[in-house]
Structures are given as structure tokens and as C-alpha cells.
Amino acid sequence: MSELFIAISNKLNEYNLQCLKFLCTEYTSTSYLEKITEGYELFQVLNQNGKLKNKDSWLLKELIFRIKRMDILKNPMGANQEEIEKELEDRAQISPYRVFLFQIAEQLSRDQVEKIKFLLHDKVSRPKLQKKAMLEIFLEMERTGLLAEDNFQELKDQMKSIQRIDLLNKITFFEETRKKGVPQQESHTDAKRWTNPELQPREEQRKLPTPVERQRQVPAPNISETHAPLLGEAYRMGDGTLGYCLIINNFDFSASVIRKLTKREGTNTDAETLKKIFQWLQFTVEERQDLTASEICQAIEKYRTNNHGDMSCFVCCILSHGHKGEVYGTDGLPVLINELIDLVNGQRCKSLAGKPKVFFIQACQGNKPQTGVPIQTDSVHDFESDAAPMGMGSIPIKADVLLGMATVEDYESYRHTSDGSIYMQSLCKHLEKLCPREFDLMTILTEVNKEVATKVLKGFKQMPEIRTTLRKKLVFPVPLQKPDGFREEEAMDTCD
């Protein structure tokens, strides 16, 4: 057993341990938990308290499942997500109250946590709030009597103040459910119902405020401050690594003799940001630089021959010059985008059949600048276009494909010479912001379109385009930590 404890502990990060300690507060004193710095120390305490004595160590499996470390469940624990979900119906040991608070904390952004700290500054000692994550703030609220299983009023007031009406409604429903005498250990299905009022029986839904009443209570929040409703079927995302992410980053076009193409200053910023984001989203990322047209095809062909059996998705990001339906290699030769997509379609790559294949293209699709009514002032002298002379081709899309284009056909896209392209930077920012709230990729890309469309670049506008044959929603699993070194949202405002 000790060997298993150490093996699991070695795979946990600091945030994982913090989550586990919070979920275990009912099994040992919080003062003792504060002294624990390694996962195996926590597991030893639980074992000594008799909580891990059963031969299958069920509580340990439930804890790892709750913090979404499905890779650890698989190895070294030898379990899987489906088994745990089924057994939770009858064997859940962690308090529903504790699990519910954990779910609430997972859905709050860093900015919202800071706002909550401010709201609590005259109720909880300021030193106890400094550098605290939301789970630790919950513990401080419990110590001071501001939060308990039968007292959510302070937490509801905070959700209302920060305009998280979706969480306010979830708390209200959880509270009402508990008052009706629901047993302490609920089924996994019931736990889902507490956090998603839309799954409630109609008679239960009537207890909640109506949509009109909610609008009267507090103005509707921005999408970046809400949590996505769990509606519609989604592609299955497996345990551990989600798939491969190939980044093709073309900077130097000095070898092009067919057409004059400039160096793409700022493209390395895009590549680095994309790499950080997709590594954070649990993809295995490979960057290829300065590829000719034939090398671009060969790079994607390599992934066609890979075995994606244990993967859930494939992502390809292409940063280059281009024209309508085409991207250019560094030799100036064109490659049709539809041909690149076809390399990994379900017929040619059997192990990707039925799985989402996502392409993001940062390249012009024509020479025309888009006009519009400027609504804000942006610097223009550091922007370049990824346009190139005339080309031809269209982009038919096969099943389970999503194509995100920096611009619509016939028009230019723009790139900052040091801070990267407006489209790719907006994409990464919105993935970082909305993936933890379980928004699907189509919704995220719509938000990207909205932001990019408001910008004025070189005196012109840019309108990205989404093309899709996805049959289900594509939702990346909620990452537990922010991407390392990714720029804060405020810094994005200086990009243009």
C-alpha cells in the first residue's frame, strides 16, 4: 500500500494536493492538514484513521476521481472513469456538501476570487485571505461561521455581487434539496442534478427563480464569467493525453522564387502561446518550423500514419502566408487546405474516425481589406498582412472536422510584428478563459469572432470564420491549473 501511496503522490501537483486536503477535511483536523506537504502523508493519515482499510481503497479512488486525475486512476491505480462513476451510485463517501463546494471553487476565475476576497475583507482577517485560493477561502469562511452546510447566505451574496447568477442558482437548488431531507450520501446522478438545475424534475425547477426574476435580480453576466450549461451530446474525451497538436510555423520565405513573400515577424509569439495552451489542455505538442509546401503535407501525413487509438482528438495549427483556400510553404508553393484536412479524414486515418479533427489557420485568404466603422483606436504601424498573390481552391469539410480561419475568403488577416496575430492571440486567450468553464469549442470560437471583429487593424477590420461538420459538442476537460507563463488578460489589450 505504501508503494501505491508514493506512486500516486509523485504524480500530484501542488493544486491537486490542495484539492485533496479540502475534500478530506471531515476525516482529520484542518490544523493537521495544513502541515501536510506531500500526497503520501495525507494517504497515510487516512490509512491510520481506517479510511483506506478496505482492500480496493475505494475512498482513494473517489478522491482521485473527484479531482479529475483520470490518468492516475488508470495508472498506477488500475481503475477507470466508467467503473468509478457506476460505483459512486452506491459507494460515495465524500460529503456531498464538500464535493459541491469543490465544484463551485472550480468554476471561479482568478479575478472573481479576488473580488470575493475584497467582499470578505471586513469579515475575515486580511492576512488570512492573502495569497489564498478559493478552497482555502471556503475553509476560512467555515472557521468564522460564514459558511456551513445549513448556511449558504454569505456565499450566495458573494455570487450575486460578482454576477455569477449561474452559481447562485446552483447553490439555491443545492440548499433547497438539502432542506428536504435528502440522504447524506447521494447517487452520482443526484450530484449532477445539484449542479445542473436543468436536469431537475419540473416540480423542482419551479422552486427556482424564473429567468425573468433572475434578470431583475442582477444584470446578465458576460459569458466569460459564467459556466456552460451541460446541454447536448459531447465527444468523449479520454483519460490523460487528449491527442496530438501539430504547429506548423512558417517565418522565413526567402527561398520563395515564385512570389515575393515577406518574413512573418511575430509568428514565433503565436507558436509559443499555442504551444503553452495546448500543452495545458493535455495535448502532445510538436512544432515544425519553416516548411516547404511538400514538407507541410509530409508533416501532416506523419500523423495520418500514427495510431490515435488512445487519443480523443487531433489539432493542427498552421501559421503562414496564404490565399483563397490555400496556405503557402516557405518555397512559395501553395497547398490546398482541403487536401491537408483530407490527409486525416476517417477513411484515410481509421484511428481518427469519429473523432474531432481541428484545424486553426492563420493566413490571409485574399488581398482585400475589410472595411467597417471603427469603434476603438489601435496602433497600426506594427501590423502586417499575411496576404499573397492570387490563388484558387475551396475548402470542403468532411465529418467531425472543425476549421477555424483567421479571416473569411478573399480577405486579409493581420499579425502584430512582435505580439503575434490578433486571431491566434484571441483564440488562446479565450481557450484559457472558457475551457475551465466547460464551454464547447464552437461557443469559444464565436467569442473569438466577436472580439476580433471589434478591432481596427491598419485602418481596416478582420472577420474570422468557423467551418464545421462536428456532430457533437467538443469540450476539452477542465484543466486544474492555469497554463504556465501565459499572459494575463489585461496584457492582451496592448497587443494591437
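Everything that follows concerns the structure shown earlier in this document.
The structure presented is a predicted model; accordingly, all values stated were derived computationally and were not measured.

Draft legend 1. The packing of helix 17 (residues 267-280) against helix 20 (residues 422-434), seen in detail. Contact pair helix 17 / helix 20: the axes reach a minimum separation of 10 Å and the direction vectors enclose 20 degrees. Judged by the angle between their axes, helix 17 and helix 20 are roughly parallel. Relative to helix 20, the crossing made by helix 17 is left-handed. Residue-level inspection shows Thr 269, Asp 270, Thr 273, Leu 274, Ile 277, Phe 278 and Trp 280 of helix 17 in contact with helix 20, the latter providing Met 424, Gln 425, Leu 427, Cys 428, Leu 431 and Glu 432.

Draft legend 2. Here's a closer look at the pairing of strand 3 (residues 313-319). The element strand 3 is extensively covered by neighbouring structure, given that seven of its seven residues are classed as buried. Because side chains alternate across strand 3, one face comprises the buried residues Cys 313, Val 315, Cys 317 and Leu 319, and the other comprises Phe 314, Cys 316 and Ile 318, equally buried. Direction of pairing for strand 1 (residues 243-249) relative to strand 3: parallel, over a ladder of seven bridges. The residue of strand 3 that forms the bridge with Asn 249 is Leu 319. Where strand 3 and strand 7 (residues 357-362) come together, six bridges link them in parallel fashion. Each residue of the ladder has a partner; that of Cys 316, found in strand 7, is Phe 359.

Draft legend 3. Focus on the sheet that holds strand 1. If you walk across this open sheet you meet the six strands as 2-1-3-7-9-12, and the pairing is mixed. Because the sheet does not close on itself, it has two edges, and the strands there are strand 2 (283-289) and strand 12 (465-468). Put simply, the sheet's adjacent strands are angled 10 degrees from each other on average, direction ignored. Across the face of the sheet, helix 18 (residues 293-304) comes into contact with strand 1, strand 2, strand 3 and strand 7 while running at roughly 175 degrees to strand 1. Here helix 20 sits on the sheet and contacts strand 3, strand 7 and strand 9 (401-405); the angle it forms with strand 7, its principal contact strand, is near 140 degrees.

Draft legend 4. Representation of the side chain of Asp 400. Relative to the helices and strands, Asp 400 resides in the loop between strand 8 (383-385) and strand 9. Residues contacting Asp 400, with those up to four places away along its chain left out, are Tyr 235, Gly 354, Lys 355, Pro 356, Lys 357, Thr 469, Leu 470 and Arg 471.

Draft legend 5. Local environment of the state of the cysteines. Enumeration according to the criterion identifies zero disulfides in this entry. Free cysteine: Cys 313, not disulfide-bonded; nearest cysteine sulfur from Cys 245 at 9.1 Å. When its relative accessible area of 0% is taken as the criterion, Cys 313 is described as buried.

Draft legend 6. The arrangement of the pattern of salt bridges in detail. Tallied over the entire structure, the rule returns 23 salt bridges. The residue Glu 82 makes a salt bridge to Arg 236 at a minimum N-O spacing of 1.7 Å. Placement of the pair is Glu 82 in helix 7 (residues 81-91) and Arg 236 in the loop between helix 16 (211-217) and strand 1, with a sequence separation of 154 residues. When the shortest N-O distance is used, the salt bridge between Lys 429 and Glu 451 registers 2.4 Å. Note that Lys 429 is positioned in helix 20 and Glu 451 in helix 21 (residues 441-453), a separation of 22 residues in sequence. Looking at Lys 429, the relative accessible area reads 6%, which means it is buried.

Draft legend 7. Here's a closer look at the environment of Thr 37. Within the element layout of this structure, Thr 37 appears in the loop between helix 3 (30-33) and helix 4 (39-48). The exposed category is assigned to Thr 37, whose relative accessible area is 55%. For the pair Thr 37 and Gln 18, spaced 19 residues apart in the sequence, the C-alpha separation amounts to 9.2 Å.

The rules behind these values
- Residues numbered from 1 in each chain as written.
- Predicted model: local features only at pLDDT ≥ 70, side-chain atom pairs only at ≥ 80, totals over all residues.
- Heavy atoms only, no water.
- Axes fitted to C-alpha atoms, helices over the stretch in contact; angles between N-to-C directions.
- Helix = DSSP H or I, 4+ residues; strand = E, 2+ residues; numbered from the N terminus.
- Parallel < 35°, antiparallel > 145°, perpendicular 65-115°, else oblique.
- Left-handed = near helix turned anticlockwise from the far one by under 90°.
- Contact = heavy atoms within 4.5 Å.
- Buried < 20%, exposed > 50% of the residue type's maximum accessible area, 1.4 Å probe, protein only.
- Pairing = 2+ DSSP bridges.
- Disulfide = S-S within 2.5 Å.
- Salt bridge = Lys/Arg side-chain N within 4 Å of Asp/Glu carboxyl O.

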